[in-house]
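Understanding the architecture of this molecule
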Amino acid sequence: MGIAILLFCFISIFLSLGISAKMISKKELLIVSALSFSAIVVFLVEVLSLFHQLNYQFLLIGWSVTTLALIIFLYRNNQRTRDFTSDLWIATRQKISDLTKADKALFTASTLILVLVFIAAIIYPPNNWDAMTYHMARITSWVSHQSVAHYPTDITRQLYQPPFAEYVIMNFGILCRSDVFSNLVQFISLLFSVITVVSIVEQFGLNRQYKIIAIVLSVTIPEVLLQAGSTQNDIVVAFFVLTAFLFAVKTIKQPMFKNYLCLGLATGLALLTKGTAYIYLPPVLLFFGIIVVIQLLKTKNYWSLGYSFAAIVIVIGLNFGHFSRNYQLTHNILGVDKAESNMYSNQKMSAALLASSIVKNAGMHTGVMLFKPAAIFSDKVIHRLHQIAGLDINDTAVNYRNLKYTTITLTTDEEGSPNPFHFILIIISTVLIIYNLLNGRRNVIVTSLLAILLLQAIFFCYYLKWQPWHSRLHIEMFLIAVPLICYCLSLYSWFRKAFYWLSPLLMIYALLVVLHTERRPFSNKMFQPGYQKYFIGNIPIYNEYNSINSIVQKSSYKNIGLIFGVDDWEYPLFSRCFSRQLNPLYIGVNNFSKSAKADMVKIDCIISTTANKPFIDYEGKRYVNTSVKNKIIWFYK
């Protein structure tokens, strides 16, 4: 199976770095291997896209050549490879045997939760709203065009949104000719995020006990667990931001080129993954820049300037393809027009509105599964506070698409699940660290990380309008706060004892979230037909989509014209694009993407979610509506 080459390549990268790098931990090796693998993904996609050869044959050749080169390197260093793998095996067994019974229990419970998430991710196909409209939908166009070049579309998020996570999903899909592994990109990113969190805990000087606690805290965040089996990209970007902080710290401690290189890779990949990186990275880079400048003035070691320049080149290089495509289409490297930007960004801001935004975002984490009164109470309190302050909680200038504010959400929906227990732990830890600072007890790295976290929260609330799904955008902040919680647990025995008493509650709550998730539940829905599983989160549209999809699958239609709304489901109509040639082509586009180059081919049929007419005339041919009784989607042939 073609996808196996990706695993072989990663293992080869890990072993090659392992026998080459000196004085580097196995955890850091895994993180650097992930960064290297990710850079190769970007390189292969961008190069093959230039020649319109982004297909099974050339991807397989590209990965095979890379893997073969690494295997030859390992073969030529056979003895070092043997020694490294032997040492790795011995060290792993030793670490496992050194775990206490309590540590083993916590680690086993964490592993069980992850196994359940993995099973659900494999059984269920991508099925959340964003996947259906643009995460997976954009991939169908890339696969049919054999290129990631921009194209006319009614859903412009398919173009301007950073594409790295989808690059990886596309590699998985093309090489296994199915979307069965699509959800694993986020799951794998969670595993690497946990490794990075543990590495940051090491930078604090904490022992193994707190590394286990860090694992437990990371894999029991409800929103993280819900997203880990989906094709969203918040965990992916969180991994890269966490890694950027880790290597910023390592670079400050050891200003070596390899650390600058990894910092550049992590930063560039974060920017190529999700727009929230532009909010979460600046505090990290500000912290790094200030300390590097201070060190530069003290040591006069100007080599670091060259290293910094190399890191910047890497950041630009990773994003150059996406930036250039955006600029060619919109004259803006981010690709977002003013109207689109205004939908997401606050249109006015003041100290009072910033405080309002902070309270509204914090309120998203007050809901508790099976205890709705908690969310109802917090909702009433937050509304009352705004009334007292004379602020309109539903001000359209600071709320997305005029949506009404509420803290009452589905606690097991990945679109916006609250993280109540972790939120409380973060608040307590923040207070304790500030208390220590006021009493003259400080740890520079810990203080810096807290400052970064607070700045990230302020930047987030200052820039973005409130949205009901902000909880999932908070994932990075919750993960980066885990080392701070661990640090506070190490300082206060009462806090540590309380955590151990509460850890079973965290585990049980996390288990309930995984078992009862809205979109991938462990229920009889697991045994539904594969196609029906795409619609678990949107049941009303299933019958009509299924009817039209059946027509397409039974026909020889290849070039399918689309007339869609800006947020309509596209992917279920093309979910077999990895195994069958299907070419979605948006027609009659009336937005900035209409100037993008389109394939000049004959349309076989038309599918629309906006036009229910007796017929549509397009390029001299009449397409007749065969589904006039439908209410949601219509088919013309």
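Details of the structure are given in the entry above.
Note that the structure is a prediction, hence the values are computed from the model and not measured. (Residues numbered from 1 in each chain as written. Predicted model: local features only at pLDDT ≥ 70, side-chain atom pairs only at ≥ 80, totals over all residues. Heavy atoms only, no water.)

Taken as a whole and assessed by the stated rule, the structure comprises 32 aromatic pairs. Pairing phenylalanine 118 with phenylalanine 187 gives two aromatic rings, centres 5.6 Å apart and planes at 55°, and the pair type is tilted. With phenylalanine 118 in helix 5 (residues 101-123) and phenylalanine 187 in helix 10 (residues 184-203), this pair connects stretches of sequence that are 69 residues apart. Between the aromatic rings of tyrosine 405 and tryptophan 466, the centroid separation amounts to 4.9 Å while the plane-to-plane angle is 65°, which identifies the pairing as edge-to-face. Placement of tyrosine 405 in the loop between helix 19 (372-389) and helix 20 (420-438) and of tryptophan 466 in the loop between helix 21 (444-463) and helix 22 (470-473) is noted, with a sequence separation of 61 residues between them. Overall, the relative accessible area of 3% leaves tyrosine 405 in the buried class. Three or more aromatic residues link up through ring pairs in this structure, and these residues are Trp129, Tyr531, Tyr534, Phe535, Tyr542, Tyr545, Trp569 and Tyr571. If you follow arginine 177 out to its NZ or CZ, it ends over the ring of tyrosine 56, 4.0 Å from the centre. The ring of phenylalanine 615 carries arginine 622 above its face, with NZ or CZ at 3.7 Å from the centroid. (Phe/Tyr/Trp six-rings, centres within 6.5 Å; stacked < 30°, edge-to-face > 60°. Helix = DSSP H or I, 4+ residues; strand = E, 2+ residues; numbered from the N terminus. Buried < 20%, exposed > 50% of the residue type's maximum accessible area, 1.4 Å probe, protein only. Lys NZ or Arg CZ within 6 Å of the ring centre and 35° of its normal.)

The next thing to look at is the sheet that holds strand 1 (residues 559-563). Reading across from one edge, 2-1-3-6 is the order of the 4 strands in this open sheet, with mixed pairing throughout. The open sheet has two edge strands, strand 2 (583-586) and strand 6 (634-636), and neither has a second partner. This sheet shows a mean twist of 25° between the axes of neighbouring strands, independent of strand direction. The pairing of strand 1 with strand 3 (residues 605-608) spans 4 bridges and is parallel. Bridging across to strand 3, leucine 562 finds its partner in isoleucine 607. Strands in contact with helix 25 (residues 542-554) are strand 1, strand 3 and strand 6; relative to strand 6, the strand with the most contacts, it is inclined by about 30°. (Pairing = 2+ DSSP bridges. Axes fitted to C-alpha atoms, helices over the stretch in contact; angles between N-to-C directions. Contact = heavy atoms within 4.5 Å.)

Glancing now at helix 14 (residues 257-271). Here helix 14 spans 21 Å end to end across 15 residues, near enough to the 21 Å set by a 1.5 Å rise per residue. The buried fraction of helix 14 is high, at 12 of 15 residues. Among all positions of helix 14, only Asn259, Tyr260, Cys262, Leu263, Gly264, Leu265, Ala266, Thr267, Gly268, Leu269, Ala270 and Leu271 are buried. Where the residues of helix 14 are buried, they touch helix 2 (26-50), helix 9 (164-176), helix 13 (234-253), helix 15 (277-299) and helix 16 (303-330). (Expected span 1.5 Å × (residues − 1).)

This next bit is on empty space enclosed by the protein. Unoccupied space between atoms shows up once a probe the size of one water molecule is rolled over them. Scanning the model with the defined rule gives 4 cavities of 30 Å³ or more in all. Of the voids in this model, the largest cavity is the one considered here, and its volume is about 80 Å³. Forming the walls of the largest cavity are Val117, Ala120, Leu225, Leu226, Gly229, Val513, Val514, Thr517 and Arg520. If you list the elements that add at least two residues to the lining of the largest cavity, you get helix 5, helix 12 (222-227) and helix 24 (493-515). Of the residues that constitute the lining of the largest cavity, the class distribution is 6 nonpolar, 2 polar and 1 charged. As a volume, the second largest cavity reaches approximately 60 Å³. Forming the walls of the second largest cavity are Asn346, Met349, Leu353, Ser356, Ser357, Lys360, Val398, Cys461, Leu464 and Trp466. Counting residues per element, the lining of the second largest cavity draws most heavily on helix 18 (residues 351-363), at 4 residues. Split by residue class, the lining of the second largest cavity holds 6 nonpolar, 3 polar and 1 charged. (1 Å grid on protein atoms, 1.4 Å probe; cavity = no way out; pocket = protein on both sides within 12 Å on 5 of 7 lines; lining within 4 Å. Points joined across faces, edges and corners; volume = space filled by probe spheres on them. Nonpolar A, V, L, I, M, F, W, Y, C, P; charged D, E, K, R; others polar.)

Let us look at the pairing of strand 1. With 5 of 5 residues buried, strand 1 lies mostly within the body of the structure. Residues of strand 1 alternate between two faces, with Asn559, Gly561 and Ile563 on one and Ile560 and Leu562 on the opposite face, all of them buried. Of the strand pairs in this sheet, strand 1 and strand 2 are connected by 4 bridges, and their pairing is parallel. Bridge pairing links leucine 562 to tyrosine 586 in strand 2.

Turning our eyes to something else, we now look at the packing of helix 5 against helix 24. It is at 10 Å that the axes of helix 5 and helix 24 come closest, and there the two elements cross at 10°. Our classification of the angle between helix 5 and helix 24 gives roughly parallel. Listed contacts from helix 24 to Leu106, Ala109, Ser110, Ile113, Leu116 and Val117 of helix 5 are Tyr500, Ser503, Met507, Ala510, Leu511, Val514 and Leu515. Class assignment for the residues of the contact of helix 5 with helix 24 results in 11 nonpolar, 2 polar and no charged. (Parallel < 35°, antiparallel > 145°, perpendicular 65-115°, else oblique.)

Turning to the pairing of strand 3, a few remarks are in order. Residues of strand 3 alternate between two faces, with Cys605 and Ile607 on one and Ile606 and Ser608 on the opposite face, all of them buried. Strand direction decides the pairing type here: strand 3 and strand 6, joined by 3 bridges, are antiparallel. When the bridges of strand 6 are listed, serine 608 appears paired with tryptophan 634.

Turning to the side chain of serine 144, a few remarks are in order. Along the chain, serine 144 falls in helix 7 (residues 137-145). Look at serine 144 and you get buried, because its relative accessible area is 19%. At a separation of 3.1 Å, a polar atom in the side chain of serine 144 contacts the side chain of asparagine 583. With residues near it in sequence (within four places) discarded, serine 144 still touches Leu582, Asn583 and Pro584. (Polar contact = N/O pair within 3.5 Å; in protein donor to acceptor, adjacent residues only side chain to side chain.)

These values are about where atoms sit, not about what they do.
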